Amino acid sequence: MNNSRRTFLKVAGVSAFALTTGVAGAAQAKIIGTYEQGDKALKAKRWAMVIDTRKFTSADDYKPLIDACHKAHNVPAIPGNQEIKWMWLDHYDRVFTDDMNANLPDKFKKGMFPLLCNHCTNPPCVRVCPTGATYKMHDGIIAMDYHRCIGCRFCMAGCPYGARSFNFVDPRKFIADPVPNPEYPTRMIGVVEKCTFCAERLAKGLRPACVEAANGAVMFGDLDDPNSDVRKALAENFSIRRKPSLGTQPGVYYLI
Amino acid sequence: MVERLLTGSKRYYMWLGFLCLLILASFCVYWTQLTEGLGVTGMNRDVSWGLYISQFTYFVGVAASAVMLVLPAYFHHYKKFKRMIIFGEFMAIAAVVMCALFIVVDLGQPQRAMNVMLHPTPNSVMFYDMIVLIGYLCLNLVIGWVTLEAERLDMDPPKWIKFFIYLSVIWAFSIHTVTAFLYAGIPGRHYWLTAIMAARFLSSAFCSGPAILLLLMFVLKRLTGFNPGEEAVKTLTKIITYAMCINVFFYCLELFTAFYSNIPGHMEPLIFLFAGHGGHVAWVTYWMWAAVILAFASLAMLIPPSLRDNMKLLPYALGMLVLASWIDKGLGLLVGGFTPNMFEAVTPYVPTFREIMVALGVYAIGALVLSLLWKIALDVKKGSGHFGEGE
């Protein structure tokens, strides 16, 4: 079942093509079957991210990462508390809520830290989703099927990291026209969305947009490969994760 | 029996007309929610569930509460409840209809609701909740209809219905347990992550549901003269009193664990609900304190037998009890669950006018279903002679 779900982006593209060119019948015949990753695709058993927060001195340093992410995924800029966020910043005590240390250096007291979906090994959002619209891929990425999501928002209640956003209003009204990235679908009203670890870019052999924009300050690789960048970074540096005691096993690590 | 819906007093038709108008008005508001999105509600990224889901939760409890009549009547052969039982079963049907509608109005993509069945996902508690609610609806429809038909024909109900009645007793517990599991299995929501959630849900349901039923029976008595029987009312009031004592006790257990352990995560939602945050008191705090006062006041009027058996005071005591339990489960549960949010910060939530209108519409549909079902039941009771005093 996962295999067929994984193709939804592809299916969406092909369907749009089929609908506009009137070859729906022929196109449907083509998309039946299993999906194989292309030769160029970046592959891993368990994708993970290591953010070297020591290399960022201010909130402005993170801006290129967030801009790259939000542009690559046509994330709308909705004002107010019904907003959509894939990657954003907050203070240390809001990001690492378990660490209730009032006597931290100023760097932590005042500094900003990036937040995104943790792509957990044991994702509560996947556990609670009643339709399988959010699911774990073979490489550890937690993906979303925007076409199956019924908008019940159980996943938002379930996610301990506040990583998910719901389209309370029509997001297309809050995206530039033409859209920043025509290759990535815009979303409809009433569905949940979040960071995808750029699964669509990995399939084309590209690293995630934020990783590319970070000039080496964010590493991305296979956690199951002892020789990967992320494993080396974790072996050589002290790292922390958000809310580790919940047993979700987040795939995003922070070097502090 | 359906034909009995067509013969009613002028007042009966005016009541139905009023409900239909209310439903129509709220449907217009719901239409704007459908086109503009759930942005018209007060919900937001951090408080992603609100009034709709809390009302859903409350009415699952009301639906389950029918068991407080069925269990004594069929497990303990307490015959005094037999006259009232059909009203409890029909109220359960109306409540389950409301639950389903509260879920639908809460969905971002309601036209995809059937995806829950098209893509069954057994790891999600919502999947089981759907199964138990549909099952409970069917059970009550079959049991209610068959027993009422038997009463109309002045016969004993067929033997096979006993099996479904016993099943419905267990089923009633299951619907509210599974609904509690929607909340109690979520890591990171401190207010909900508690093993006593299902027990709290059941105890609050078993006091508030029968209390609502009794209040409606009093209205019915005044309007139609139907008498549920004084002995039955007194027994049910005792059940309500015990359930409310247990409900308040369970809530106090939560307070002990949170504050004696001194774990911030456990304390913070309670502090927010009852004392606010950072010097600011949210609207919900006033409601929570009102619930505390109402809960204890209702117990003060229900525990002493002399006050409990006073039929003049009883409606007030039950009304206060219903309001207290509604604030606890219909407001506090959701607000406390989402506050503080996942970043240990406070994002305010206030239901909007449109949100309240849509909820009122669902209430009106529930009232309409209840009125129609009770009309049938009353007419049958009239025909069978189980209507007035001492018949």
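Please refer to the structure higher up on the page.
Note that this is a predicted model, so its numbers are computed, not measured. (Residues numbered from 1 in each chain as written. Chains lettered and ligands numbered in written order. Predicted model: local features only at pLDDT ≥ 70, side-chain atom pairs only at ≥ 80, totals over all residues. Heavy atoms only, no water.)

For this particular structure, what's the right way to read the interface of chain A and chain B?
It is common to report an interface's size as the accessible area lost on association of the parts. Opposite the 46 residues of chain A that make contact, chain B presents 39 residues. Buried area between chain A and chain B, both sides added, is near 3400 Å², and the carbon and sulfur share of it is 56%. On the surface where chain A and chain B come into contact, there are 1 salt bridge. Between Asp106(B) and Arg153(A) there is a salt bridge; the shortest N-O distance is 2.6 Å. In this structure, the connection of chain A to chain B is made through 29 residue pairs in polar contact (both at pLDDT 80 or more). Elements that contribute at least two residues to the side of chain A that touches chain B include exactly helix H7 (124-128), helix H8 (154-158) and strand E6 (165-166) of chain A. Of the residues in the side of chain A that touches chain B, the class split is 26 nonpolar, 11 polar and 9 charged. (Contact = heavy atoms within 4.5 Å. Buried area = accessible area lost by both parts, 1.4 Å probe. Salt bridge = Lys/Arg side-chain N within 4 Å of Asp/Glu carboxyl O. Polar contact = N/O pair within 3.5 Å; in protein donor to acceptor, adjacent residues only side chain to side chain. Helix = DSSP H or I, 4+ residues; strand = E, 2+ residues; numbered from the N terminus. Nonpolar A, V, L, I, M, F, W, Y, C, P; charged D, E, K, R; others polar.)

Mind showing me how you'd approach helix H11 (residues 283-302) of chain B here?
Residues that lie three or four places apart on an α-helix share one face, since the helix turns once every 3.6 residues. Residue and element names in this part refer to chain B. Compared with the 28 Å implied by 1.5 Å per residue over 20 residues, the 29 Å span of H11 between its first and last C-alpha is a close match. Those residues of H11 that sit buried are Val284, Thr285, Met288, Ala291, Leu294, Ala295, Ser298, Leu299, Met301 and Leu302. In this structure, the buried side of H11 is in contact with helix H9 (230-261), helix H10 (264-275), helix H12 (305-308) and helix H13 (314-338). (Expected span 1.5 Å × (residues − 1). Buried < 20%, exposed > 50% of the residue type's maximum accessible area, 1.4 Å probe, protein only.)

Teacher, can you tell me more about the sheet that holds strand E8 (residues 218-222) of chain A here?
Either a parallel or an antiparallel arrangement is found when strands of a sheet pair, and the pairing is made through backbone hydrogen bonds. Residue and element names in this part refer to chain A. The strand order across the open sheet formed by 4 strands is E8-E1-E10-E9, and the pairing between neighbours is mixed. What marks the edges here is a single partner per strand, and that holds for E8 and strand E9 (239-240). Sheet analysis places strand E1 (residues 47-52) next to E8, joined by 5 bridges and oriented antiparallel. Bridge pairing in E8 places Ile51 opposite Val218. Contacting E1, E8, E9 and strand E10 (252-255), helix H11 (residues 229-236) runs over the sheet at an angle of about 115° to E8. (Pairing = 2+ DSSP bridges. Axes fitted to C-alpha atoms, helices over the stretch in contact; angles between N-to-C directions.)

Just checking my understanding: could you explain the packing of aromatic side chains for this structure?
Here a ring pair, both rings aromatic, is described through the centre-centre distance and the interplanar angle of the planes. Under the definition given, this model contains 40 aromatic pairs over all chains. Between the aromatic rings of Phe154(A) and Trp49(B), the centroid separation amounts to 5.4 Å while the plane-to-plane angle is 35°, which identifies the pairing as tilted. Highlighted residues: Phe154(A) in helix H8 and Trp49(B) in the loop between helix H1 (10-36) and helix H2 (51-64), drawn from two different chains. The two residues Phe154(A) and Trp49(B) agree in class, both being buried. Put simply, the rings of Phe154(A), Trp49(B), Tyr183(B), Trp192(B), Phe201(B) and Phe338(B) pair up and form one aromatic cluster. (Phe/Tyr/Trp six-rings, centres within 6.5 Å; stacked < 30°, edge-to-face > 60°.)

As far as function goes, none of this settles anything; it's purely spatial.
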